Structure formats: C-alpha cells, structure tokens
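Here is what each chain is made of, one letter per residue.
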Amino acid sequence: MYEKLPYYMAYPLLFSCDDDRAERMDSEYLKSLYPDMPKRILPYVEEECDRMEYENSMIYDQYPDKLQLRLMCRRACENAAAHEEDLDRDQLWDLTGVILCEELYRRRCGRRRRNRRFY
C-alpha cells in the first residue's frame, strides 16, 4: 500500500543549507589547523580572491588563464611581504601559489553548487 511520507522526507532539498553550513565549518576548522606560515599568508590570498570574485570573472572560466593566476599570486605575495616582516621569501611564492589554487577550487565548487538547478 501507499504510505504517506513525512514532509521532510518528501522534499529533502530544503535542508541542503545544513550541508553547506557543515562544509563551511569543516573548511574553517581545517584552515585553523594550518601551520604558522600558511596561516599568515591565507588572509592575503583570500583578499585577492575576493577582489577577483565577480560575475564572468576569469577565475570561473573552465580553464583559468595561467598568466592571470600568476599575477594574482604575485599581488598576494607582495601584500604578504609588505605586511609580514619575517616571511621566508624563497618559500613564499610556491606556498602562495598552492594556497591560491586551493582557495580558487573551493570557490569554484561553491559557485557550481549554488548555480545547480533542480527541475
């Protein structure tokens, strides 16, 4: 026989915001576990990503331009070096590049998730 489903089971998509919140909390917790140097660089990378986050930005292209990514990395490195005195400049470029790629990946996934349409 046909049994009536409870409302929350019939429409599971309404509770997807709990998943987003859990993912955001998990991401913030993992960022808090970063070692000292990446933790100090992260705000400069996030600032640069915030600056580039707009409609039709190159960071959302299927294949982002490598030159533009290097320019973003350079601006983040320059800001970090200007505000933080005792950073190891030899490692700064590589570490900033890795953190930038990880941050862009997180933002691109979030945008894809938000733009997904359910019919």
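Everything here concerns the structure above.
Residues numbered from 1 in each chain as written. Predicted model: local features only at pLDDT ≥ 70, side-chain atom pairs only at ≥ 80, totals over all residues. Heavy atoms only, no water.

## A closer look at the nonpolar core
Point 1. Counting 21 residues, the largest nonpolar core has Val45, Ile59, Met72, Leu92 and Leu100 as its most contacted members.
Point 2. Counting only elements with at least two residues in this core, the list comes to helix H3 (36-52), helix H4 (66-83) and helix H5 (89-115).
Point 3. Those residues in contact with Met72 that lie beyond four places of it in its chain are Glu48, Cys49, Met52, Met58, Ile59, Leu100 and Leu104. (Core = buried A, V, L, I, M, F, W, Y, C linked by side-chain atoms within 4.5 Å. Buried < 20%, exposed > 50% of the residue type's maximum accessible area, 1.4 Å probe, protein only. Helix = DSSP H or I, 4+ residues; strand = E, 2+ residues; numbered from the N terminus. Contact = heavy atoms within 4.5 Å.)

## A look at the packing of H3 against H5
Point 1. The interhelical angle for the contact between H3 and H5, taken along N-to-C directions, is 55°, at an axis separation of 9 Å. By the angle between their directions, the pair H3 and H5 is classed as oblique. Relative to H5, the crossing made by H3 is right-handed. Facing Met37, Pro38, Ile41, Leu42, Val45, Glu46, Cys49 and Asp50 of H3, the residues of H5 in contact are Gln91, Leu92, Leu95, Thr96, Ile99, Leu100, Glu103, Leu104 and Arg107.
Point 2. By residue class, the composition of the contact of H3 with H5 is eleven nonpolar, two polar and four charged. (Axes fitted to C-alpha atoms, helices over the stretch in contact; angles between N-to-C directions. Parallel < 35°, antiparallel > 145°, perpendicular 65-115°, else oblique. Left-handed = near helix turned anticlockwise from the far one by under 90°. Nonpolar A, V, L, I, M, F, W, Y, C, P; charged D, E, K, R; others polar.)

## Focus on the environment of Met52
Point 1. Tracing the sequence through the fold places Met52 in helix H3.
Point 2. Expressed as a C-alpha distance, the spacing of Met52 and Met72, which sit 20 residues apart in the sequence, is 8.7 Å.
Point 3. Sequence-distant contacts of Met52, that is, excluding residues within four places in its chain, are made with Ser57, Met58, Ile59, Met72 and Arg75.

## Looking at the side chain of Lys31
Point 1. Its place among the elements puts Lys31 in helix H2 (residues 16-32).
Point 2. Discounting chain neighbours no more than four positions away, the residues touching Lys31 are Lys39, Leu42, Glu46, Glu103 and Arg106.

## Looking at the state of the cysteines
Point 1. Scanning all chains against the criterion turns up zero disulfides.
Point 2. No disulfide involves Cys77; its sulfur sits 4.3 Å from the nearest other cysteine sulfur, which is in Cys73.
Point 3. By relative accessible area, Cys77 is classed as buried at 8%.
Point 4. Cysteine Cys101 remains unbridged, with the sulfur of Cys73 as its closest cysteine sulfur at 8.0 Å. (Disulfide = S-S within 2.5 Å.)

## Considerations on the pattern of salt bridges
Point 1. Counting across every chain of the model gives 14 salt bridges.
Point 2. Here Asp86 and Arg40 are joined by a salt bridge, their closest N and O atoms 2.6 Å apart. Taken together, the residues span a long stretch of sequence, with Asp86 in the loop between H4 and H5 and Arg40 in helix H3 at a distance of 46 residues.
Point 3. Taking relative accessible area as the criterion, Asp86 reaches 57% and is therefore assigned exposed.
Point 4. Across the pair Glu53 and Arg107 runs a salt bridge, and its minimum N-O distance is 2.5 Å. Taken as a pair, Glu53 in the loop between H3 and H4 and Arg107 in helix H5 lie far apart in primary sequence, 54 residues in all.
Point 5. A residue is classified by how much of its surface remains accessible, and Glu53, at 32% relative accessible area, is partly exposed. (Salt bridge = Lys/Arg side-chain N within 4 Å of Asp/Glu carboxyl O.)

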